[in-house]
Amino acid sequence: MTDKNVTETLPEKSVFSRRTVLKSAGIGAAGITTAAALAACSKKDDGPKDLDAATVSFVFNGSADQAKSWDALFAGFKEKYPQIDFTAQAIPSASWAEYADTVAVQLAGGAKYDVLNLATEGALLFADKGVVLALDDLIARDQEEMDIALADTHPRLVEFGKKYGPQDGKTYYIPSGGMNCMAAWVNKDVFAKAGLELPTDDWTWDDFLAAGRTIKKKTGAFMFPVTAEYFVGIMPWLTTNGASTMNEDWTVATCDTPQAIEAAEFARQLVVEKLSPAPGGTFDRFELGIKGDLAVFGGGRWPVLAVRAANAVDKYEIFDFPHKGANRGSPVGWAAFPIMKSSPNVDAAWEFVKYLSTSSGATVFATSGGTASPCLKSVAESQDYLADSPVGTEKLYKALDYATAIPSPTKGNLTQRTIEDVWGQIIAGNIKPDAGMKKMQEEVTKLL
Amino acid sequence: MPLRKAKQKQERFTPFLFLSPAILFFCCFILFPLIGAFGYSLITWDFFTQPKFVGLDNYGKLFKDPIALEAVKNTFIFTIASIVTHVGLGLILAVAVNRRIPKFFAYIIRTVFFFPFLLSWSATSIIWSFGLDPTFGVIDFYAGKVGFPQATLISSTWALPTLIMIDLWKTLGFAFIVILAGIQAIPSEISEAARVDGASGLRLFWNITFPLCTPAIFFVSVTAFIGAFQIFEPMYIMTRGGPDNATLSIVQYLHMSAFRNFDIGYGAVISVAIFIVVLIVTLTQFKFAKRWVHEG
Amino acid sequence: MSQSITVNAKKAKRNFKSEISDQVANLVILIFAVLWILPIVWLLLTSISSREERFAIPPKWLPSKLDFSSYTRAWEVFPIAEQYLNSLKVALISTLGALIISSLAAYAFARLEFFGRDTLFMILLAGLMVPPQLTVIPSFVAFRKIGIIDNHAALFLPAMITPLGIFLLRQFFRSIPKELDESAKIDGAGAFRIFFRIILPLSKPALAALGVVLFIASWNEFFWPNIFISTASKMTLPVGIASLVGPGGNTNVILIFASVGMQIVPLFLIFLFTQKFLIQSIATTGIRG
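Thresholds applied
Residues numbered from 1 in each chain as written. Chains lettered and ligands numbered in written order. Predicted model: local features only at pLDDT ≥ 70, side-chain atom pairs only at ≥ 80, totals over all residues. Heavy atoms only, no water. Domains from an automatic or database assignment. Buried area = accessible area lost by both parts, 1.4 Å probe. Salt bridge = Lys/Arg side-chain N within 4 Å of Asp/Glu carboxyl O. Polar contact = N/O pair within 3.5 Å; in protein donor to acceptor, adjacent residues only side chain to side chain. Helix = DSSP H or I, 4+ residues; strand = E, 2+ residues; numbered from the N terminus. Nonpolar A, V, L, I, M, F, W, Y, C, P; charged D, E, K, R; others polar. Contact = heavy atoms within 4.5 Å. Buried < 20%, exposed > 50% of the residue type's maximum accessible area, 1.4 Å probe, protein only. Pairing = 2+ DSSP bridges. Axes fitted to C-alpha atoms, helices over the stretch in contact; angles between N-to-C directions. Patch = residues over 30% accessible without salt bridge, like charges linked within 9 Å, V, L, I, M, F, W, Y side chains within 5 Å. Areas by Shrake-Rupley, 256 points an atom, 1.4 Å probe, with all protein chains shown as cover. Parallel < 35°, antiparallel > 145°, perpendicular 65-115°, else oblique. Left-handed = near helix turned anticlockwise from the far one by under 90°.

Engineer: An account of the domain arrangement of chain A is requested, with residue identities and associated values reported.
Structural biologist: All names here are of chain A. Domain annotation for chain A reports domain 1 (2-180 + 332-405) and domain 2 (181-330 + 408-447). A combined buried area of about 3,000 Å² lies between domain 1 and domain 2, and 58% of that area is made up of carbon and sulfur atoms. Along the contact surface separating domain 1 from domain 2 lie two salt bridges. For Lys395, the salt bridge identified is with Asp201, shortest N-O distance 3.1 Å. The tally of links from domain 1 across to domain 2 stands at eleven residue pairs in polar contact (both at pLDDT 80 or more). For the side of domain 1 that touches domain 2, the secondary-structure elements that each account for two or more residues are helix 4 (96-108), helix 5 (120-128), strand 5 (175-181), strand 9 (331-336), helix 16 (359-367), helix 19 (395-398) and strand 10 (404-405). Grouping the constituent residues of the side of domain 1 that touches domain 2 by class yields 18 nonpolar, 14 polar and six charged.

Engineer: An account of the interface of chain B and chain C is requested, with residue identities and associated values reported.
Structural biologist: The interface is formed by 79 residues belonging to chain B together with 83 residues belonging to chain C. Both faces considered, chain B and chain C share a buried interface measuring about 7,700 Å² in area, 83% of it formed by carbon and sulfur atoms. Taken together, chain B and chain C are joined by zero salt bridges. Counting every contact that joins chain B to chain C gives four residue pairs in polar contact (both at pLDDT 80 or more). In terms of residue count, helix 1 (residues 2-40) of chain B provides more of the side of chain B that touches chain C than any other element does, 16 residues in total. Residue composition of the side of chain B that touches chain C, by class: 62 nonpolar, twelve polar and five charged.

Engineer: Explain the pattern of salt bridges residue by residue, including any values.
Structural biologist: Two side chains that carry opposite charge are able to pair once their charged atoms sit near each other. Residues and elements named next belong to chain A. Counting across every chain of the model gives 20 salt bridges over all chains. Here Arg141 makes a salt bridge to Asp347, at a shortest N to O gap of 2.8 Å. You can see Arg141 sitting in helix 6 (residues 136-141) and its partner Asp347 sitting in helix 15 (residues 346-357), a full 206 residues away along the chain. Take Arg141: its relative accessible area is 11%, and that puts it in the buried class.

Engineer: I'd like a rundown of the sheet that holds strand 1 (residues 55-61) of chain A, residues and numbers included.
Structural biologist: Residue and element names in this part refer to chain A. Judged by pairing direction, the sheet is parallel, and its three strands sit side by side in the order 2-1-3 without closing on themselves. The open sheet is flanked by strand 2 (85-91) and strand 3 (115-116), the only strands paired with a single partner. Pairing geometry for strand 1 and strand 2, over seven bridges, is parallel. Looking across to strand 2, one finds that Val56 is bridged to Phe86. Sitting on the sheet, helix 4 touches strand 1, strand 2 and strand 3, and the angle it makes with strand 1 is about 145°.

Engineer: Please give an account of a nonpolar patch on the surface that cites residues and values.
Structural biologist: Among the surface-exposed residues, Phe13, Phe16 and Leu17 of chain B together with Phe192 and Phe196 of chain C lie close enough to one another that they form a single nonpolar patch of about 540 Å² accessible area. Where the nonpolar patch is concerned, the elements lending two or more residues are helix 1 of chain B together with helix 9 (191-202) of chain C. Broken down by element, the nonpolar patch gets its largest block of residues, three residues, from helix 1 of chain B. Along the chain, Phe13 of chain B turns up in helix 1. What makes Phe13 of chain B exposed here is its relative accessible area of 52%.

Engineer: How would you summarise the packing of helix 7 (residues 163-174) of chain C against helix 10 (residues 204-220) of chain C if you had to cite specific residues and measurements?
Structural biologist: Residue and element names in this part refer to chain C. Between helix 7 and helix 10, whose axes approach to 10 Å, the crossing angle comes to 165°. By the criterion of interaxial angle, the relationship of helix 7 to helix 10 is roughly antiparallel. As for the relative orientation of helix 7 and helix 10, their crossing is right-handed in sense. Note on element contacts: helix 10 touches helix 7 through Ala206, Leu207 and Leu210, opposite Gly165, Leu168, Leu169 and Phe172. Class assignment for the residues of the contact of helix 7 with helix 10 results in six nonpolar, one polar and no charged.

Written out as structure tokens, the structure is:
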């Protein structure tokens, strides 16, 4: 099923060769016009494209200080399609799971959105409720354009997009709204102060521990914040030891494998040796890091906002997360923009989704400091994305090669709560790692 | 004759006129939703798929649910502790401030203790979550210095007491002020007369002061109960009901069932149960009031 | 003679003892008060400290360098002026509406005789015990039909019916001597005139107190506005603060502290100046059984 790549349906009788199309649909505004031209020439049935007076209502997960990035994105769209009445609602949330819940509540009350911004954590929930539209016909209509985007997307993301949706062979989620993997943001000054060389991408847990001890002794700074956050604090340690909370299909819990228990033990060890601030409270890791009291924090793309605001971009370098097992690991989450089945403006909505999914939109977002890495390879390698960012930012995209999709079953919000709660107790020392992970296994299994 | 009849007729309408806005709003915003909730308690619905009628199944589920039981237990502990501390400390403070102390001092005390009442729970949660951070929090830092437990928010024994304390911090001011006014309303002739008779200190308090401020104490205990039983924000924002459901309150469990588990029917059942409990307890409080509350 | 000396001496001793215990009590209260206000002071100090001195351990109580940039940034980053106005608008309308509706109803319960009066009152009071989490879904569906989602009406309309208000005002009205009503009736006044000319003017403290309590409740409300208002420019303050929290640990702490600071400072100033009046009013209604 994952092989049912959209490229197979590219009409052979297309007038334009792939190369021409690739060239003209490159970065920039040309993308849309070309697509329109292509659509006109395409042998496929066009379907109505009356965009006048159509309205598109978009809901997304965004907080106040991300508003600028999103506004830039919307401005670009409104410029291209002035005839579409576009409105966007930002819903600030502490996590993607909560965001999904809030949107679900609103939808339940009858709120009318055309396009949603939805991440992995929540995708299955909405698919399960049958409220998202199958996009295959629309994709076929704009085959060439979508082809380009798909070719430019990391194959694993394409695979994930297909796999973690309703298994009826149709496409509901195009992973295009940016993605995040976990990497280690290393404060070069702290390492220098402790007399250490910077790590390599291949560093192991042992290297990490040793560095942490030296840093603590020589500078008193903490090494890393051990927290009970699913994506940021739990999954990195599991995946870098070849473990995960669930199996690949997200149907069976795998929390009590020896590797998972090892990960829990390591996290707890970091706390015990005071290489991490004690868990159980709240503190700002970016503040600490920038001040020099914390050597490393984990992150995908989002720390860049805080780092830029503090003019500390040069202080940081990004490395792959340290691993223990044979391979490197990282969780990955991505966002898609599904269209609601109930939308009366499918065509207009589709234009917006395309705008977001193709390079023009992605570039705008990347430059203005979006909190996710782009899904498109060309954008991830472009200066728009890499400028004013720490050295090593390109690794955030490369991590896709070995990343594990963050397990988000239908009841993801509840499994997340349980996982975070139990891990929190493990790292606080209330429960021993192996007993804790076994408990997590029990609780999660109940919910699956 | 007809004039009087007309006036009488008009008079009969008067209560209706006075009451109609209240009744209208009550029906729209309290009664109909409540009936709706009762209705929802008899179905299974997840917002998106078709609702299904299940009769009293949800109620049966509630009685067998260990998490619900835990939530009820936590809520009762919270409530009882809340009432005791609010009334107890409020009384002590009120008596303490009622003595002959410099006016400026009294002003400071009243300000300091009442101010947290004006804060929102989001602000309060932010202050305390950061303050209680085991590494960087001021409050946790000093707590450690005097031997109090640290990292309390993540301890299954100490998390709930911590929330009780934070709630006390936030709402004590209200109880304090109400009881203080109750004491200050005691006509000075009475206390003077008692003093002349030789009563002082504890005796004065027990025989005169306390009985006369019982209406105030009653008011505080009724409102404290209702507020404490419906407590939601601190556990929702600060501990998410953890660790291990140690701080899960019953309203929070309702929220979780309805808005996280998307089981509207079950959430509705919990809300109906809450409603009934609060109703019974408050009515009981009113009934017993006749025995100990002094209607001055 | 010696007897009175002994009595005086005893009195002096007792006075001295009570003097000491008084001062000790005062000291204890003072310490208690300082501890009580500490969290808020810490929040405010942290929000104006420079990066190096914030969150230092051991804590630095007197920042050597002040940094107000978090306030300016918070101001830039989110429409705080608008949100202040929104909170103000919703709170004022809710409070006014609630006072009107409650006083009208309370008068009927306190002064007018009619069939089923006490039962109706009990039913209304039972409404106190209906938690907002219960009514939110049916309300959401209903409001959607009327089209007031993402509209401030969804916030202030439900707030206008407050059983607590009706309860308090009824208690207060009952304490007003009936003789005043009687004399007005003799002069030919009907229920309305009695209400407007006699009862209301005498109830100013109770109305003020209730008004303050309702205003504060509306000002600090989070759960309901969070569900019903989605546009940033329409949000009220508590929701606005929450909007600074982002996904994946992107919490900009100092911005949050600054926004909380912005919420607290005006409240505190208002409180300082109107304290005596406020507290007296709240107390007056509370004690009347």
